Amino acid sequence: MQKYIISSICASVLEHLSSFFCHKSLMHCSYICSQIWKIMNFIRHSNSFRESYIDTLGKLYEYSTRRYAKNRMSKVIDTEHEYTYEQFRRTCEMLSKRLTQFGIGASDKVAILAQNMPEWTVALFSTVPFGRIAIPILPESSANEVTNILNHSESKVLFVSKKLLPNVTQECIDKLTLVIDIETFEEIKKDDSKFRCDGKVSMPMPDDIATIIYTSGTTGNAKGVVLSHRNLSSCVISCWHSQRRTEKDRWLSILPMSHTLELTLGVLYPMFVGASVYYMSKPPVPALLLKAMQVVKPTTILSVPLIIEKIYRNSIVPTIRKSRMLSWMDKNMNWLMCKVIGLKLKNTFGGHLSFFGIGGAKLDIEVERFLLKAGFPYAVGYGLTETSPLLSFTVGRSRFPGSIGVPVRNVELRLDNVNPETGEGEIVAKGPNVMLGYYKDPERTRKAFTKDGWFRTNDLACLDEKGRYFIKGRLSNMILGASGENIYPEEIEQVINNIDAVNESIIIPRDGKLVALVTFNENAIDWNQEGEDEFFRKIEEYKSMILNIVNKNVNRTSKVSAVQILREPFEKTATRKIRRFKYFDVKGI
């Protein structure tokens, strides 16, 4: 269809060109110009042009701020604070000029430390379209982590919110050329000796570095993941092919923007289609989140599994158990009950939700079965920071409980070192979204790739006959049993986490045995009674129940020897995964 339209317009142009040269008509000249403009406009606005044109974040910036200039780009809920794409562009260029005045040019590092807000994106795009390199820092980072990242990345500029400024040491501030309040864009600190107006910017090339994202993950070893413009732009295009969004869509941002999942799918993808993103002025606690959903009525939300799992366990399951009618329907008409609850759940999210993207960790299979039967518009994506992040997805009719789906467009996956008995192997990946390497760490970079250049995900999985992938666990988490068998702690934890009153758990190997560290839901244990006989009786009752249930539901090699209960919640990463390395020597009650 597109080819037909273009060829028709071109034929018309050629016909009038010959007429023009014969009669030298000014009217014909004007007509020809208008036809040429139509061709250019049509090509510029077509999806195929957009895909082939955008191979850097600089081109994404140019395209979106011109094409969608009048569209609302971002807004803070319950305030008048918002940007159109045109206002966004003007602000980015103003800030870029200021950086140039202080000698901050192409390849210089600019760090961003702030909670979610429209200005986070402004800081990013006053940096990357001009050849500078962005260093996003997670808002929950400690002062020590912030110091390490600023020093290791050699950042010269820091955009920081007032709330997180206390996490930046004076020593770090003294080393920086500029420290800018991200909410007002006023300078907190400036080195006037660097004011030379000699910062040379450049239009970045696809393989130039766009950002370095530091992640300690669950193992505790901090690493700077180097992502190019091609990495991020190709992933955005893969997202578009996986789940089409338009300029009419509304995002509600709840995950940290400094995490790759939110950065790519919640910042860059909305720009790609000219959509709007809404931000909360306060942390997304349940009460405020529910209110925000009713105000925004989002069509698109990105989340980690923990959020929907908590809604299911703390709200949906208790509601079913307390209601005679729902309990009867659960046993006799489960499909209808799920549909009824699904409609109510969708209304809770504002009533217009068409895409609820889940990533960052494995979704509990019991919760996923319910969401599927309820007709809830969820989708599961799998990937890593090192892959920008999306590698595979499952959405719509392709969803299957427990599966991470099939590779996204332009990405290849395979299983390496497959166990012939179990069919399990490590997922390795190849595609334009795979990182350039780890910053200043050639040895770790070499280990991250196979000899033939495929990226090693460190995730063990198997394939079904339809080519769908199923994650079994992390190679780094896998425990080797006494007889050499592979034990996946995630599978045991899933059984424990489905027990009433249990909040979360992790399995730790100690002295050749498996120990479960467990935290409970609020009010399940009265910690004010600690030290009293009734308190210890309740604790022992819970321990016995957990051991009994879990050891009936796992195989012989995965049986748990002991349960220890912790009072404080587990420390987590930005995507709500437990930092396991911190609990190897921790003992509970």
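Remember, it's a predicted structure, so these values are computed and weren't measured experimentally.

## Remarks on the pattern of salt bridges
- Considering all chains together, one arrives at 35 salt bridges under this definition.
- Residues Lys572 and Glu504 are paired through a salt bridge, measuring 2.9 Å at the closest nitrogen-oxygen approach. Here Glu504 lies in strand 24 (residues 502-510) and Lys572 lies in the segment after strand 26 (562-565), a separation of 68 residues in the sequence.
- For Lys572, a relative accessible area of 13% corresponds to the buried category.
- One network of salt bridges, with partners in common, ties together Glu62, Arg66, Arg89 and Glu93.

## Overview of the packing of aromatic side chains
- One pass over the full model with this rule turns up 20 aromatic pairs.
- Members of the aromatic cluster, joined through ring pairs, are Tyr61, Phe88, Phe125 and Phe130.
- Over the face of the ring belonging to Trp454 we find Arg414, whose NZ or CZ atom lies 4.3 Å from the ring centre.
- In this arrangement the basic side chain of Arg468 is found over the ring face of Phe400, its NZ or CZ atom lying 4.1 Å from the centre.

## Some remarks on the side chain of Asn477
- As for its placement among the helices and strands, Asn477 is situated in the loop between strand 21 (469-474) and strand 22 (479-480).
- Apart from the residues lying within four places of it in its own chain, the contact partners of Asn477 are Pro489, Glu490 and Arg580.

## Things to note about helix 7 (residues 143-153)
- Among the residues of helix 7, Val146, Thr147, Ile149, Leu150 and Ser153 are the ones counted as buried. Along helix 7, the residues classed as buried sweep out an arc of 165 degrees about the axis, all on the same side.
- Looking at the buried side of helix 7, the elements it contacts are strand 3 (109-113), strand 4 (133-137), strand 5 (157-160), helix 8 (170-175) and strand 8 (209-215).
- Note on helix 7: the residue one or two positions beyond its end, Glu154, has a positive phi of about 60 degrees.

## Here we look at the sheet that holds strand 15 (residues 390-395)
- Ordered by their spatial adjacency, nine strands build an open sheet running 2-1-11-10-12-13-14-15-16, and the pairing between neighbours is mixed. Strands with a single pairing partner mark the edges of an open sheet, and in this sheet they are strand 2 (82-84) and strand 16 (406-407).
- Bridge count for strand 10 (residues 250-252) against strand 12 (residues 300-303) is two bridges, and the pairing is parallel. Opposite Leu252, over in strand 12, you have Ile301 as the bridge partner.

## Some details on the pairing of strand 25 (residues 513-520)
- Within strand 25, seven of the eight residues are buried, which leaves the element mostly enclosed by the surrounding structure.
- In this structure, strand 24 lies alongside strand 25, joined through eight bridges in antiparallel fashion. Its bridge partner lying in strand 25, Glu504 is registered against Thr519.
- The hairpin turn running from strand 24 into strand 25, its antiparallel successor, is two residues long, and Asp511 in that turn takes a positive phi close to 55 degrees.
- Pairing of strand 25 with strand 26, which is carried by four bridges, proceeds in the parallel orientation. Paired with Leu517 across the bridge in strand 26 is Gln564.
- Read as a crossover between parallel neighbours, the route from strand 25 over helix 18 (residues 533-553) to strand 26 is right-handed.

The rules behind the values
- Residues numbered from 1 in each chain as written.
- Predicted model: local features only at pLDDT ≥ 70, side-chain atom pairs only at ≥ 80, totals over all residues.
- Heavy atoms only, no water.
- Salt bridge = Lys/Arg side-chain N within 4 Å of Asp/Glu carboxyl O.
- Helix = DSSP H or I, 4+ residues; strand = E, 2+ residues; numbered from the N terminus.
- Buried < 20%, exposed > 50% of the residue type's maximum accessible area, 1.4 Å probe, protein only.
- Phe/Tyr/Trp six-rings, centres within 6.5 Å; stacked < 30°, edge-to-face > 60°.
- Lys NZ or Arg CZ within 6 Å of the ring centre and 35° of its normal.
- Contact = heavy atoms within 4.5 Å.
- Arc of directions from axis to C-beta.
- Pairing = 2+ DSSP bridges.
- Right-handed = clockwise from strand over helix to strand, strands pointing away.

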